[in-house]
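A look at the structure
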Amino acid sequence: MTEPPGRRERKKAATRQKIADSALRLFLERGYDAVGIRDVAAEADVAVTTLFSHFASKEALVFEQDYDFEQRLTQAVTDRAPHEPLIPALRREILALVRHCTANGAAPIWRMIDASPALREYEASMRVRHAESLATAIAADPGLSRTTTACRSIARFAIDAHSLAREAADPEAAVDEIFQMIEAAWEVTHQPHRA
């Protein structure tokens, strides 16, 4: 059983959220490039050192749920029910993340990200890291027994599914379409090789 977070952890989480909310509000009001770290710290009423104790970079302020998303992806593998197939578990989690990223109010944030080379680069590096973490979780599952290349490929396909679906006119239909292809690719990796 997980213990509820203590007072110190709750206070730390509240400070982190206050910083992230302040940053996003300023970025959307003034433009990402027009806002500096000192502006965000002042708006959140924290020291710059406090800001950096919660966020490693200005870009990280925009992607404040990065760690949670990465954890959710790996937990889709590690926490799935015994004998539950991998691909439906991944599809369910990617669909939940896509719904989150396409919810009301998300469009201005994605427009800001798409307009900023620094944010696009940060997002790309984040996707690579998420794919590597997901591949490691898949490879570590003894019930899946695929090659490292297969695990890395499927992980990258799943991460790309999120980006592609987020940009689609019908994100949920896109997730369904993409995961049909991912399922087929996953099944092919399990078949014995023919000479």
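This text goes with the structure placed above it.
A brief structural summary.

About the thresholds
- Residues numbered from 1 in each chain as written.
- Predicted model: local features only at pLDDT ≥ 70, side-chain atom pairs only at ≥ 80, totals over all residues.
- Heavy atoms only, no water.
- Helix = DSSP H or I, 4+ residues; strand = E, 2+ residues; numbered from the N terminus.
- Areas by Shrake-Rupley, 256 points an atom, 1.4 Å probe, with all protein chains shown as cover.
- Lys, Arg positive; Asp, Glu negative; His and termini not counted.
- Charge placed at Lys NZ, Arg CZ, Asp CG, Glu CD.
- Axes fitted to C-alpha atoms, helices over the stretch in contact; angles between N-to-C directions.
- Parallel < 35°, antiparallel > 145°, perpendicular 65-115°, else oblique.
- Left-handed = near helix turned anticlockwise from the far one by under 90°.
- Contact = heavy atoms within 4.5 Å.
- Nonpolar A, V, L, I, M, F, W, Y, C, P; charged D, E, K, R; others polar.
- Expected span 1.5 Å × (residues − 1).
- Buried < 20%, exposed > 50% of the residue type's maximum accessible area, 1.4 Å probe, protein only.
- Arc of directions from axis to C-beta.
- Core = buried A, V, L, I, M, F, W, Y, C linked by side-chain atoms within 4.5 Å.

Scanning the protein from N- to C-terminus turns up 10 helices and 0 strands. For the protein, the N- to C-terminal ordering of α and β elements is α-α-α-α-α-α-α-α-α-α. Dimensions of the protein, computed from the C-alpha atoms along their principal axes, are close to 65 × 40 × 30 Å. Carbon and sulfur atoms provide 53% of the accessible area of the protein, an area that totals close to 11600 Å². Taken as two groups, the 25 positive and 29 negative side-chain charges of the protein have centres that lie 4 Å from each other.

Non-glycine residue His 83 carries a positive phi angle of around 70°. Note that His 83 resides in the loop between helix 5 (66–78) and helix 6 (86–101).

With that settled, the discussion passes to the packing of helix 1 (residues 7–30) against helix 2 (residues 37–44). Running from N to C, helix 1 and helix 2 cross one another at 125°; their axes reach a closest spacing of 9 Å. With respect to each other, helix 1 and helix 2 are oriented oblique. By crossing handedness, the relation of helix 1 to helix 2 is classed as right-handed. Contact residues: Lys 18, Ile 19, Ser 22, Ala 23, Arg 25, Leu 26, Phe 27 and Arg 30 in helix 1; Asp 39, Val 40, Glu 43 and Ala 44 in helix 2. Residues that form the contact of helix 1 with helix 2 fall into these classes: 6 nonpolar, 1 polar and 5 charged.

Our next topic: the packing of helix 6 against helix 9 (residues 148–167). Closest axis-to-axis distance for the helix 6/helix 9 pair is 9 Å, and the angle between their directions is 30°. It follows from the interaxial angle that helix 6 and helix 9 lie roughly parallel. Once helix 6 is placed against helix 9, the crossing between them reads as right-handed. Note on element contacts: helix 9 touches helix 6 through Ile 154, Ala 158, Ala 161, His 162, Ala 165 and Arg 166, opposite Ile 87, Leu 90, Ile 94, Leu 97, Val 98 and Cys 101.

Attention shifts here to the environment of Arg 30. Within the element layout of this structure, Arg 30 appears in helix 1. Separated by 152 residues in sequence, Arg 30 and Ile 182 have C-alpha atoms that sit 40 Å apart. Apart from residues no more than four positions distant in its own chain, Arg 30 is found in contact with Val 35 and Asp 39.

Over its 20 residues, helix 10 (residues 171–190) extends 29 Å from the first C-alpha to the last, a length consistent with the 28 Å expected when each residue adds 1.5 Å. Listing the buried residues of helix 10 in full gives Pro 171, Ala 174, Val 175, Ile 178, Phe 179, Ile 182 and Trp 186. Looking down the long axis of helix 10, one finds its buried residues gathered within 115° of arc, a one-sided arrangement. Exposed residues lying more than 90 degrees from the buried face of helix 10 are Glu 177, Gln 180, Met 181 and Val 188. Packed against the buried residues of helix 10 are helix 6, helix 8 (117–140) and helix 9.

On to helix 9, then. The first and last C-alpha atoms of helix 9 sit 29 Å apart over 20 residues, in line with the 28 Å expected at 1.5 Å per residue. Of the residues making up helix 9, those classed as buried are Ala 150, Cys 151, Ile 154, Ala 155, Ala 158, Ile 159, Ala 161, His 162, Ser 163, Ala 165 and Arg 166. Turning to helix 9, the residues buried within the fold contact helix 5, helix 6, helix 7 (107–115), helix 8 and helix 10.

Another aspect to go through is the nonpolar core. Counting residues in hydrophobic clusters, the biggest one holds 57 residues, and the most contacted among them are Phe 27, Val 40, Leu 90, Leu 134, Ile 138 and Phe 179. Excluding residues that lie within four positions of it along the chain, Ile 138 makes contacts with Val 77, Leu 86, Leu 90, Leu 144, Cys 151, Ile 154, Ala 155 and Trp 186.

Any link to function would need more than the numbers given here.
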